[in-house]
Amino acid sequence: MPVISYREALRAAMSEEIERDPNVVIMGEEVAQFNGAYKVTEGLLAKYGPKRIVDTPISEAGFIGMGVGAAMLGLRPVMELMFFSFYSVAFDQIFNNAANIRYMSGGLISCPIVLRGPANGGTNVGATHSHTPESIAAYHPGIKVVVPSNAYDAKGLMKSAIRDNDPVLFMENTILYGETCEVPEGEYLVPLGSAKVMREGKHLSIIGHGRPIQLALKAADLLKEKHQIDAEVVDLRSIRPLDEETILNSVRKTNRVLYVEEAKPFCSVGAMVACIIQEKAFDYLDAPVKRITSLDAPAIYSPPLEKIQLPTVDRIFQAALDVLK
């Protein structure tokens, strides 16, 4: 099985879907002639031409609105945001229009659009370019939210997102673009709404999404090496729809939970998961659910301070020990 990067996996997914479905089109800032701000779409313009790979003006409200209209008329646009922080410029187009059109039309009009791009801190680009808005997006009925943590899932989830008839916000991480793993060639899908147990364990469940899953796996290795603690690591992969059963099965097995995410703590995905656990698996808990998040402040521009602001392997390791006291 070939080993490819997260970036290459996304590119392969989009390329395969362009070839499979003539209605798939890639649009966004610098996706064509510049090969994408992070080179995710590199080579696609040369391969498929300017009708399928379309550069847009730097106007998120304009080109996301265009994509919503195109989706309503039968295309399947995949829209790249150079930074997901800029979703706020197109808030009305995404959350008031794309999210509601199927409901408002009584099911007569679908909006099969994918919005993709980096949603993360850790790259020292400041508070206005470092948002992780998955909880804001998932709040809105009609929107689906995906946050893959590795190349294998990135490809399978992207293909499922493109084929989905609802708007999907596909949040990536720039730090993961160069990370590699084994990815099958050709066709496979990862269904939206399916979590994955990345590491089996029995003493506690470390649950999360996105890049923090990679940190959690390293912390789990340290827990085993230093304290003979078997930590189970569960990757949500999909925020909405959410795979509650995989979460609850893990809690019933380990009886202790640590949630790890890069988002801020207030109204986060982890807060929602903790609520679900206490409502549906309270009797299985031997300790309160604990969370590791970014420190509750705008993204810090200073590189050494931003590293401290975000979740780290050591913070996860220490929090896991606290849960097990």
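Just above, that's the structure.
Now for a description of the structure that goes with this document.

Each value, and the rule that gives it
Residues numbered from 1 in each chain as written. Predicted model: local features only at pLDDT ≥ 70, side-chain atom pairs only at ≥ 80, totals over all residues. Heavy atoms only, no water. Helix = DSSP H or I, 4+ residues; strand = E, 2+ residues; numbered from the N terminus. Rg over C-alpha atoms; globule rule 2.2 N^0.38 Å. Buried < 20%, exposed > 50% of the residue type's maximum accessible area, 1.4 Å probe, protein only. Contact = heavy atoms within 4.5 Å. Axes fitted to C-alpha atoms, helices over the stretch in contact; angles between N-to-C directions. Left-handed = near helix turned anticlockwise from the far one by under 90°. Nonpolar A, V, L, I, M, F, W, Y, C, P; charged D, E, K, R; others polar. Pairing = 2+ DSSP bridges. Core = buried A, V, L, I, M, F, W, Y, C linked by side-chain atoms within 4.5 Å. Expected span 1.5 Å × (residues − 1). Polar contact = N/O pair within 3.5 Å; in protein donor to acceptor, adjacent residues only side chain to side chain.

All right, on to the overall build of the chain then. For the chain, the count of helices and strands is 12 helices and 14 strands. The C-alpha radius of gyration computed for the chain amounts to 19 Å, which stays within 12% of the reference 20 Å derived for 325 residues, consistent with globular compactness. On the principal axes, the C-alpha backbone points of the chain span a range of 60 × 40 × 40 Å. Taking all 325 residues of the chain together, 55% fall into the buried category. Across the chain, contacts joining residues at least 24 apart in sequence account for 81% of those joining residues at least 6 apart.

Once that is clear, we can look at the packing of helix α9 (residues 244-254) against helix α10 (residues 269-280). What describes two packed helices is the angle between their axes and the distance between those same axes. Two elements in contact, α9 and α10, have axes separated by 11 Å at closest approach and are oriented at 65 degrees. Read as a crossing pair, α9 and α10 show a hand that is right-handed. Across from Glu244, Ile247, Leu248, Val251 and Arg252 in α9, the residues of α10 making contact are Val273, Ile276, Ile277 and Lys280. Across the contact of α9 with α10, the residue classes tally to 6 nonpolar, no polar and 3 charged.

Burial within strand β5 (residues 114-118) is extensive, with 5 of its 5 residues counted as buried. In this sheet, β5 lies alongside strand β4 (residues 76-80) in parallel orientation, the contact comprising 3 bridges. Each bridged residue has a counterpart across the sheet, and for methionine 79 the counterpart in β5 is leucine 115. Looking at chain direction, β5 and strand β7 (residues 168-172) are connected through 5 bridges and run parallel. Considered in β7, the bridge of leucine 115 is made with leucine 169.

Next up on the list: the nonpolar core. One recurring pattern in soluble globular proteins: nonpolar side chains tend to sit buried together. The biggest cluster of nonpolar side chains holds 43 residues, and the ones touching the most others in it are Ile64, Ile94, Leu115, Leu169 and Ile277. Counting residues per element, the ones that place at least two in this core are β2 (24-28), α3 (60-72), α4 (91-98), α6 (134-138), β7, α9, β13 (257-260) and α10. Residues within four places of isoleucine 277 in sequence aside, it is in contact with Ile207, Ile247, Leu248, Val251, Val257, Phe282, Leu285 and Val289.

What follows concerns helix α7 (residues 151-163). Between its first and last C-alpha atoms α7 spans 19 Å; for 13 residues at 1.5 Å apiece the expected length is 18 Å, and the two agree. Among the 13 residues in α7, 11 count as buried, and that is most of the element. Every buried residue of α7 is accounted for by Ala151, Asp153, Ala154, Lys155, Gly156, Leu157, Met158, Lys159, Ser160, Ala161 and Ile162. If you check the start of α7, you find a side-chain oxygen 3.2 Å away from the backbone N of tyrosine 152, and it comes from asparagine 150.

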